[in-house]
Amino acid sequence: MPDLLWPIKWVIELILVAFHSLFTFIGMEPTQGITWVLSIVGLTVIVRAALIPVFVKQIKSQRNMMVAQPEIMKLQKKYKGKNDRESREKFAKEQMELYKRTGSNPLSSCLPLLIQMPIFSGLFFVLNDAQNSIARGTGGVGLMNEQLSNQFAVSELFGAPLRDTFLTSSSLEVKILAAVMILVMTTTQFITQKQIMAKNQNPDTMNSQYMQTQKIMLVLFPVIFAISGISFPLGVMFYWLASNFWTMGQQYIVIRNMPTPGSKAHHEREARLAKKGKLPKKTEEPEAEIVEETPRQRTQPTGKARAKKGKK
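Let me sum up the structure you'll find in this document. Computed from a prediction, not measured in an experiment: that's the story for all the values here.

## Comments concerning the environment of Thr 35
Phase 1 of the analysis: Along the chain, the position of Thr 35 falls in helix H2 (residues 33–50).
Phase 2 of the analysis: With 11 residues separating them along the chain, Thr 35 and Thr 24 place their C-alpha atoms 7.6 Å apart.
Phase 3 of the analysis: Setting aside chain neighbours within four positions, we find Thr 35 in contact with His 20, Phe 23, Thr 24, Met 28 and Glu 29.
Phase 4 of the analysis: Side-chain polar atoms of Thr 35 contact the backbone oxygen of Glu 29, separated by 2.7 Å.

Here it is in structure tokens:
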């Protein structure tokens, strides 16, 4: 059966080996855990930088989605209680037309995560193959040869092997490091989602269905991180953690500089700009000048007899 992740694994190995070679070139030990952790962080930076255009598209779609919420709520109110097939079809059609007209997408918030899943899976299998390289006597699919794979297999950070997981390891160091990372991962994810809800929401959308979904995600994503984190190798968790920090910082910059109109962040930005004297002045329409018309004197009609008298 062909390996569908082979191209992704090959690119991941290329980036990992490139950063590992750079760090060993400047004097770091090739078997040290910190060398491989920094290589994984470098991989994260490359991947997330490549996804910036996707993130920008996601932000624009999310903002449009928030702006469109009042119209969506009106549409839902219009078809409330109408469960017949024709009404459902009309509602779906008008909703899709609204999404298209406003440039919004209810699935936009999941797009970067969905794109990263194959990369995340590829990294998981790359590190899994590396940790078993000593027993198998083989390397990866690309530049991660047997020597480099063996170096990763024996690498440790604070006494915890990067190949181990919270569930499979009996080492106290692994369990402590994994527990701390899971706690930090869930916290950063919660803060990132809370930033959107607390500062970048228009008050008109607070009771919308979209906001209810955001509230569910606020709790759901940290739970997913906590449950799945205990089964991932420490090396994979470092990618996830670094990606969370990137998302949190990126989200902070976007909310600060491109907030949703009407949101708390938007008012704070206007206050900062006003304090610096950089707030654009609102253009006032010039008042219309009142022109008083001089009343015209009515010309009296001249009769024939009077006209003849005037000629004499």
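## Remarks on the nonpolar core
Phase 1 of the analysis: Among the nonpolar cores identified, the biggest contains 39 residues, and Leu 16, Leu 43, Leu 162, Leu 234, Met 237 and Tyr 239 are the most heavily contacted of them.
Phase 2 of the analysis: Looking at this core, the elements with two or more residues in it are helix H1 (6–25), H2, helix H5 (111–131), helix H7 (146–153), helix H8 (172–199) and helix H10 (234–257).
Phase 3 of the analysis: Looking at this core, the element that brings in the most residues is H10, giving 7 residues.
Phase 4 of the analysis: Not counting the four nearest positions on each side in its chain, Leu 16 is found in contact with Ser 39, Ile 40, Leu 43, Leu 123, Val 126 and Leu 127.
Phase 5 of the analysis: The next biggest cluster of nonpolar side chains, apart from the first, holds 5 residues, and it includes Met 65, Ile 72, Leu 98 and Tyr 99.

## Examining the environment of Glu 156
Phase 1 of the analysis: Along the chain, the position of Glu 156 falls in strand S1 (residues 156–157).
Phase 2 of the analysis: Sequence-distant contacts of Glu 156, defined by excluding residues within four places in its chain, comprise Thr 31, Gln 32, Gly 33, Ile 34 and Pro 161.

## Some words on the packing of helix H3 (residues 52–78) against helix H4 (residues 85–102)
Phase 1 of the analysis: Packing of H3 against H4 brings their axes to within 10 Å, and their N-to-C directions diverge by 160°. By the angle between their axes, H3 is roughly antiparallel relative to H4. The chirality of how H3 crosses H4 is right-handed. Contacts from Asn 64, Met 65, Ala 68, Glu 71, Ile 72, Leu 75, Gln 76 and Lys 78 in H3 reach Phe 91, Glu 94, Gln 95, Leu 98, Tyr 99, Arg 101 and Thr 102 in H4.
Phase 2 of the analysis: Taken together, the residues that form the contact of H3 with H4 break down as 7 nonpolar, 4 polar and 4 charged.

## Here's the deal with the pattern of salt bridges
Where charged atoms from two side chains of opposite charge come close, those side chains can pair.
Phase 1 of the analysis: Inspection of every chain in the model, using the stated rule, returns 4 salt bridges.
Phase 2 of the analysis: Put simply, Lys 9 and Asp 129 hold a salt bridge, and the shortest N to O gap is 3.6 Å. Separated by 120 residues along the polypeptide, Lys 9 in helix H1 and Asp 129 in helix H5 bring together distant segments of the chain. Both residues of the pair, Lys 9 and Asp 129, count as buried.
Phase 3 of the analysis: A salt bridge links Glu 86 to Lys 90; its shortest N-O distance comes to 3.4 Å. With a gap of 4 residues between them, Glu 86 and Lys 90 both fall in helix H4, about one helical turn apart.

## Observations concerning the packing of aromatic side chains
Phase 1 of the analysis: A full pass over the atoms with the stated rule returns 5 aromatic pairs.
Phase 2 of the analysis: Aromatic side chains Phe 19 and Phe 23 sit 6.3 Å apart centroid to centroid with 25° between the ring planes, which places their arrangement in the stacked category. Remark: Phe 23 and Phe 19 occur in helix H1; sequence separation between them is 4 residues, near one turn of the helix.
Phase 3 of the analysis: A relative accessible area of 15% means that Phe 23 is categorised as buried.

## Quick look at the packing of H2 against H10
Phase 1 of the analysis: Two elements in contact, H2 and H10, have axes whose closest approach is 9 Å; the angle formed by their N-to-C orientations is 45°. In terms of their interaxial angle, H2 and H10 are classed as oblique. The element H2 and its partner H10 pack so that their crossing is right-handed. Between H2, through Val 37, Ile 40, Val 41, Leu 43, Thr 44, Val 45, Val 47, Arg 48 and Ala 49, and H10, the contact on the second element is made entirely by Gly 235, Phe 238, Tyr 239, Ala 242, Ser 243, Trp 246, Thr 247 and Gln 250.
Phase 2 of the analysis: Split by residue class, the contact of H2 with H10 holds 11 nonpolar, 5 polar and 1 charged.

Reading the values: the criteria
Residues numbered from 1 in each chain as written. Predicted model: local features only at pLDDT ≥ 70, side-chain atom pairs only at ≥ 80, totals over all residues. Heavy atoms only, no water. Helix = DSSP H or I, 4+ residues; strand = E, 2+ residues; numbered from the N terminus. Contact = heavy atoms within 4.5 Å. Polar contact = N/O pair within 3.5 Å; in protein donor to acceptor, adjacent residues only side chain to side chain. Core = buried A, V, L, I, M, F, W, Y, C linked by side-chain atoms within 4.5 Å. Buried < 20%, exposed > 50% of the residue type's maximum accessible area, 1.4 Å probe, protein only. Axes fitted to C-alpha atoms, helices over the stretch in contact; angles between N-to-C directions. Parallel < 35°, antiparallel > 145°, perpendicular 65-115°, else oblique. Left-handed = near helix turned anticlockwise from the far one by under 90°. Nonpolar A, V, L, I, M, F, W, Y, C, P; charged D, E, K, R; others polar. Salt bridge = Lys/Arg side-chain N within 4 Å of Asp/Glu carboxyl O. Phe/Tyr/Trp six-rings, centres within 6.5 Å; stacked < 30°, edge-to-face > 60°.

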